[in-house]
Amino acid sequence: MEREVYWFRGKSLGLSLEGSVKPFARVREFTAVRFVEDGRVGCALAEGRNEEKAIKLARELLRFSKDESYSLPPGSRVRWERTFEADVEDSAEELSSLADDVRKRGLSLSGTVEFITRCLSIESTAGADVEGTYSLMKVELEIASNVPFSLSTGSAARTEVGKLINPYLRLVEGLGETEPPKGEAEVIIAPTPLYALLISPILWKFRGSTAVKAPGMEAKEGEILASPLVTVLDDPIDKGSLRYVKADDEGVKAGKNVLIEEGVAKGLLWDSYTAWRAGRKSTGNGIRIGERVFDGPHNLTLAPGRKGLDGLIGEVEKGFLVLGVRGANALDPTTGDFSVVATPALVIERGETVGFSRFELKGNVWELLKNTTGVGSELARIWLDEGLSLSLPFLRTEVVV
């Protein structure tokens, strides 16, 4: 019988800003066990550090598993730590002062700032001996003004919130409503709406489970999917990543995996089970959500380009800058087709923002990537509650409005 024991503890200290600043804290700890016997797999989870209970539950679930020939993946022996201490009292003063400053500028601020530390260990009879710890800062804010928008961002180190939001405030101050552009235009998509558009189509095309469950719908090596300006990769060992790991949640060594290189599809992401079903090897992309392991990215990254945001805007003759979208949940991940409301969209004429508007934007994610005309030089770090990290720049592309 093979056995894998996964222990996780996540601690969050945060601040909620809704008129006043209020602190909060939460802790999640669990132990997950996976048994394999004669190819049958039993998985179970127990809250807290309770290996005995998780083992008992997993043994019981083995009876309901079908017979296969799957075995646990050969694990790695690795340690890592990337942590920082957060002073919540100092952060509360900073956030309150920032809210006052924003209010004096005719804007308002609400949302949360969290400091998260995640600890994990994996041991298995297949050789995994892993211990890792990393911290991150997660910021989710609503900025209200004539041009209201949401901002999702974060940092791998303790950072002043003002530094994260001031570039956006500079963009929207003093703008009035105006008519949107018509016909062919260039659109610059900010990181927050960009992740809402990209995440599900990319996961669909580049997870090994798509190749297993829906053969023919996965990305094919050599397929042209984007402009030569576009490179997409999973890079968990990027020290700026919010999810910084050297092994996946099965104990398999994690590293950089290129999905799209200069517009051309390169490879898929595999956990050990889907790789076994396809006759492949794990790429170190086993992501645990509860007691189950799925194939997915640690830190999905669109590689930065060479132009700052001012440079991207300055080259637009007619277009707009999208700071937010609504309706992305209705996007079809299998085709990439979408119909969203761009809100707010800052209208650009001859290299300058002249106002803001809201309008319906229809298209296809893969066409957006193929029509890319510019990629920003700065990466915004975004944290998803499922434990995934994204690193995205501003992206400029061509559309028809």
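Keep in mind that this is a model prediction, so the values were computed, not measured.

*Asks:* Before we go on, may I ask you to explain helix α1 (residues 51-62) in this structure?
*Replies:* The periodicity of an α-helix, 3.6 residues per turn, causes residues three or four places apart in sequence to face the same way. Under the 1.5 Å per step criterion, the end-to-end length of α1 is 16 Å for 12 residues, consistent within 8% with the ideal 16 Å. Along α1, the positions that sit buried rather than exposed are Ala54, Ile55, Ala58 and Leu62. Down the axis, α1 shows its buried residues gathered within 100° of arc, on one side only. For α1, exposure combined with an orientation more than 90 degrees from the buried face picks out Glu52 and Lys56. Elements that come into contact with the buried residues of α1 comprise β1 (2-18), β2 (20-37) and β3 (40-47).

*Asks:* I tried to follow the packing of helix α2 (residues 88-104) against helix α3 (residues 161-172) on my own but got confused; where do I start?
*Replies:* Relative orientation of the contacting elements α2 and α3 amounts to 20°, with a least axis distance of 11 Å. Taken together, α2 and α3 sit at an angle that is classed as roughly parallel. Crossing of α2 against α3: the hand is right-handed. Touching Glu94, Leu98 and Val102 of α2 are Val161, Gly162, Ile165 and Leu169, all from α3. For the contact of α2 with α3, the class distribution of residues is 5 nonpolar, 1 polar and 1 charged.

*Asks:* Help me understand the layout of surface pockets in this model?
*Replies:* Sizing a probe to match a water molecule and rolling it over the atoms shows the empty space that remains. Within this model, the largest pocket holds a volume of roughly 560 Å³. Lys213, Asp271, Tyr273, Arg292 and Val293 are the residues nearest the centre of the largest pocket, which is lined by 26 residues in total. Breaking the lining of the largest pocket down by element, the ones donating at least two residues are β3, α4 (191-206), α5 (208-213), α6 (272-278) and β13 (292-295). Looking at the lining of the largest pocket residue by residue, the class counts come to 10 nonpolar, 5 polar and 11 charged.

*Asks:* Before we go on, may I ask you to explain the pairing of β13 in this structure?
*Replies:* Along a regular strand, successive side chains alternate from one face of the sheet to the other. Here β13 shows a clear split, with Val293 and Asp295 buried on one side and none of Arg292 and Phe294 buried on the other. Direction of pairing for strand β12 (residues 286-289) relative to β13: antiparallel, over a ladder of 4 bridges. The residue bridging Ile289 from the neighbouring strand is Arg292, located in β13. Hairpin connection between β12 and β13: a loop of 2 residues separates the two successive antiparallel strands, and Gly290 in this loop has a positive phi of roughly 70°.

*Asks:* How should the side chain of Asp249 be read in this particular structure?
*Replies:* Structurally, the position occupied by Asp249 is in the loop between β9 (232-234) and β10 (257-261). A distance of 2.8 Å separates a polar atom in the side chain of Asp249 from the backbone nitrogen of Arg288. If near-sequence neighbours (up to four positions away) are discounted, Asp249 is found in contact with Tyr6, Leu120, Ile122, Arg243, Gly286, Ile287 and Arg288.

*Asks:* When you look at the pattern of salt bridges in this model, what are you seeing that I'm missing?
*Replies:* Any two side chains of opposite charge can pair if their charged atoms end up close together. A full pass over the atoms with the stated rule returns 27 salt bridges. One salt bridge connects Glu4 with Arg288, and the closest N-O pair in it is separated by 2.7 Å. Highlighted residues: Glu4 in strand β1 and Arg288 in strand β12, separated in sequence by 284 residues. In this pair, the class of Glu4 matches that of Arg288, namely buried. In this structure, the salt-bridge partner of Asp129 is Arg79, at a minimum N-O distance of 3.1 Å.

*Asks:* Even after reading the chapter, I still don't get α3, so can you show me in this structure?
*Replies:* Between the first and last C-alpha of α3 there are 17 Å, a value that for 12 residues agrees with the 16 Å anticipated at 1.5 Å per step. Among all positions of α3, only Val161, Gly162, Leu164, Ile165, Tyr168, Leu169, Leu171 and Val172 are buried. Taken from the residues just after α3, Gly174 is the one with a positive phi, measuring 80°.

*Asks:* In this structure, what is going on with the environment of Gly162? I would like to understand it.
*Replies:* Take Gly162: it is sitting in helix α3. Relative accessible area serves as the criterion here: at 11%, Gly162 is assigned to the buried category. Taking C-alpha positions, Gly162 is 50 Å from Val36, a pair spaced 126 residues apart along the chain. Leave out the neighbours within four places in its chain, and Gly162 touches Glu94 and Leu98.

*Asks:* Which parts of the structure should I look at to understand the UniProt feature "domain: Metalloprotease TldD/E C-terminal" (unreviewed entry) in the protein?
*Replies:* The UniProt entry lists residues 183-380 under the feature "domain: Metalloprotease TldD/E C-terminal" (unreviewed entry), expressed in the numbering used here. Secondary structure across residues 183-380 comprises 21% helix and 33% strand; the distance between its end C-alpha atoms is 30 Å.

*Asks:* What's the story with the packing of aromatic side chains in this structure? I'm lost.
*Replies:* A ring pair, where both rings are aromatic, is described by two values, the distance of the centres and the angle of the planes. Tallied over the entire structure, the rule returns 9 aromatic pairs. One aromatic cluster in this structure is built from Tyr6, Phe8 and Phe30. Geometry around Trp7 places Arg49 over its ring, the cationic atom sitting 3.9 Å from the centre. Taking NZ or CZ as reference, Arg288 lies 4.5 Å from the ring centre of Tyr6, over its face.

*Asks:* Explain the environment of Met217 to me, please; I cannot follow it from the model alone.
*Replies:* Summarising the element assignment, Met217 is placed in the loop between α5 and β9. A relative accessible area of 37% means that Met217 is categorised as partly exposed. Along the chain, Met217 and Ala86 lie 131 residues apart, while their C-alpha atoms are 44 Å from each other. Discounting residues that sit within four places of it in the chain, Met217 has contacts with Trp204, Lys205, Thr210 and Thr334.

*Asks:* Explain a negative patch on the surface to me, please; I cannot follow it from the model alone.
*Replies:* A grouping of Asp87, Glu89, Asp90 and Glu93 is seen on the molecular surface, where their side chains present a negatively charged patch. Topologically, Asp87 is positioned in the loop between β4 (77-82) and α2.

Conventions used here
Residues numbered from 1 in each chain as written. Predicted model: local features only at pLDDT ≥ 70, side-chain atom pairs only at ≥ 80, totals over all residues. Heavy atoms only, no water. Helix = DSSP H or I, 4+ residues; strand = E, 2+ residues; numbered from the N terminus. Expected span 1.5 Å × (residues − 1). Buried < 20%, exposed > 50% of the residue type's maximum accessible area, 1.4 Å probe, protein only. Arc of directions from axis to C-beta. Contact = heavy atoms within 4.5 Å. Axes fitted to C-alpha atoms, helices over the stretch in contact; angles between N-to-C directions. Parallel < 35°, antiparallel > 145°, perpendicular 65-115°, else oblique. Left-handed = near helix turned anticlockwise from the far one by under 90°. Nonpolar A, V, L, I, M, F, W, Y, C, P; charged D, E, K, R; others polar. 1 Å grid on protein atoms, 1.4 Å probe; cavity = no way out; pocket = protein on both sides within 12 Å on 5 of 7 lines; lining within 4 Å. Points joined across faces, edges and corners; volume = space filled by probe spheres on them. Pairing = 2+ DSSP bridges. Polar contact = N/O pair within 3.5 Å; in protein donor to acceptor, adjacent residues only side chain to side chain. Salt bridge = Lys/Arg side-chain N within 4 Å of Asp/Glu carboxyl O. UniProt positions renumbered as here; feature names shortened; annotations may be inferred. Phe/Tyr/Trp six-rings, centres within 6.5 Å; stacked < 30°, edge-to-face > 60°. Lys NZ or Arg CZ within 6 Å of the ring centre and 35° of its normal. Patch = residues over 30% accessible without salt bridge, like charges linked within 9 Å, V, L, I, M, F, W, Y side chains within 5 Å. Areas by Shrake-Rupley, 256 points an atom, 1.4 Å probe, with all protein chains shown as cover. Lys, Arg positive; Asp, Glu negative; His and termini not counted. Charge placed at Lys NZ, Arg CZ, Asp CG, Glu CD.

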